[in-house]
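Notes for the structure review
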Amino acid sequence: MSNIREIKQIITGRKTSDGDGVSLTRVIGTADLDILDPFLLLDAFGSDKPLDYIGGFPAHPHRGFETVTYMLAGKMRHKDSAGNEGIIEKGGVQWMSAGKGIIHSEMPEQEEGLLAGFQLWVNLPAAHKMDQPRYQEFNQSEVPVELRANTCRLNVIAGETMMATKGVIDNDFVDPIYWDIHLSSATEFIDKIPQDHNAFIYMIEGDATIGKENKQLEAKQLAVLSLAENIKINANSDCRFLLIAGKPLNESVAKGGPFVMNTQAEIDQAYVDYQTGHFA
């Protein structure tokens, strides 16, 4: 097999906090890796200490991009200014398109125990930044699972595997792949990704080697991958990782806190619109 993706860069992320003091590691959205078009931010959170997460993410606005919340453990309740409300639980995913503007909150639906998961920000193309907000939300039982010889388990949230398992997320803008993969030790994983998609792997636990160069990726590290059609991963131990990819938008990006637009003038307008009550 030729044309295999290799590791271009390894990122360990930076410890920080967001919301009302929620402890997390920011892996995309730092000086080490600002943007991996179309991905604007990746936060990993996980703690069994309530003081690390109990403050949650009180009501705050977004415009111009999509937020993806994927839960590994615990429960998170979301509410928004358009009247939507629900609970994201272990194995569940919420893919929210903020569009022209929404105010929402995400608060832990628990007072003790482990709370863990990820939030990914995905850019919207300029032509759709002012669309109406919308949600795609699925619980664990609704996410397709693909098993390969009892040594590989894929939760297919978005995209389609070479074995034709298709994810639940509908997104024509960046044609995303979002797979949660469990591999047994000494197992090889092979699949395909559209050649022009930017892609990364975040190793949740365990370790593996990537590509023909066999560069090692360890737990809590993110690997930015080169462009190629095929992906090959060999598990050195029982491991679990996210494989995420998307078509780059190749547009200018202007960021202003919770807003992502194409120009600074559009960011300034977003602040005016939020302050004058023009969000959903």
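Below: a short report on this structure. Quantities reported herein were computed from a predicted structural model and do not represent experimental measurements.

About the criteria used
- Residues numbered from 1 in each chain as written.
- Predicted model: local features only at pLDDT ≥ 70, side-chain atom pairs only at ≥ 80, totals over all residues.
- Heavy atoms only, no water.
- Helix = DSSP H or I, 4+ residues; strand = E, 2+ residues; numbered from the N terminus.
- Polar contact = N/O pair within 3.5 Å; in protein donor to acceptor, adjacent residues only side chain to side chain.
- Contact = heavy atoms within 4.5 Å.
- Buried < 20%, exposed > 50% of the residue type's maximum accessible area, 1.4 Å probe, protein only.
- Pairing = 2+ DSSP bridges.
- Phe/Tyr/Trp six-rings, centres within 6.5 Å; stacked < 30°, edge-to-face > 60°.
- Axes fitted to C-alpha atoms, helices over the stretch in contact; angles between N-to-C directions.

1. Structural notes on the side chain of Gln119
Following the sequence through the fold, Gln119 ends up in strand 11 (residues 115-123). There is a polar contact of 3.1 Å between the side chain of Gln119 and the side chain of Thr69. Among the polar contacts listed, one links the side chain of Gln119 to the side chain of Trp121, at a separation of 3.0 Å. Every residue in contact with Gln119, bar those within four places of it in the chain, is listed here: Leu41, Leu42, Asp43, Phe45, Thr67, Val68, Thr69 and Glu106.

2. Notes on the pairing of strand 10 (residues 102-108)
When you tally the buried positions in strand 10, you get 5 out of 7 residues, the bulk of the element. Here strand 5 (residues 57-62) runs beside strand 10; their pairing, made up of 4 bridges, is antiparallel. Opposite His60, over in strand 10, you have His104 as the bridge partner. The sheet contact formed by strand 7 (residues 75-80) and strand 10 spans 5 bridges and is antiparallel. Residue pairing in the sheet places Asp80 in a bridge with His104 of strand 10.

3. Topic: the packing of aromatic side chains
For the structure shown, the criterion picks out 8 aromatic pairs. Ring geometry for Phe65 against Trp121: centres 4.4 Å apart, planes inclined by 35 degrees, an arrangement best described as tilted. In this pair, Phe65 sits in strand 6 (residues 65-73) while Trp121 sits in strand 11, placing the two residues 56 residues apart along the sequence. Ring plane angle 75 degrees and centroid distance 5.7 Å describe the contact between Tyr70 and Tyr178, whose orientation is recorded as edge-to-face. With Tyr70 in strand 6 and Tyr178 in strand 15 (residues 177-183), this residue pair connects regions lying 108 residues apart in the sequence.

4. Looking at the sheet that holds strand 8 (residues 85-89)
Taken in spatial order, the 4 strands line up as 5-10-7-8 in an open sheet, and their pairing is antiparallel. Each end of this open sheet is capped by a strand with a single partner; those strands are strand 5 and strand 8. Along the sheet, successive strands turn relative to each other by an average axial angle of 25 degrees, direction set aside.

5. Brief notes about the sheet that holds strand 11
Strand order across the open sheet formed by 7 strands is 2-3-4-11-6-9-12, with antiparallel pairing between neighbours. Each end of this open sheet is capped by a strand with a single partner; those strands are strand 2 (14-18) and strand 12 (134-138). Direction aside, the axes of adjacent strands within the sheet are offset by 20 degrees on average. Of the strand pairs in this sheet, strand 3 (residues 22-28) and strand 4 (residues 39-47) are connected by 3 bridges, and their pairing is antiparallel. Among the inter-strand pairings, Ile28 is bridged to a residue of strand 4, identified as Leu42.

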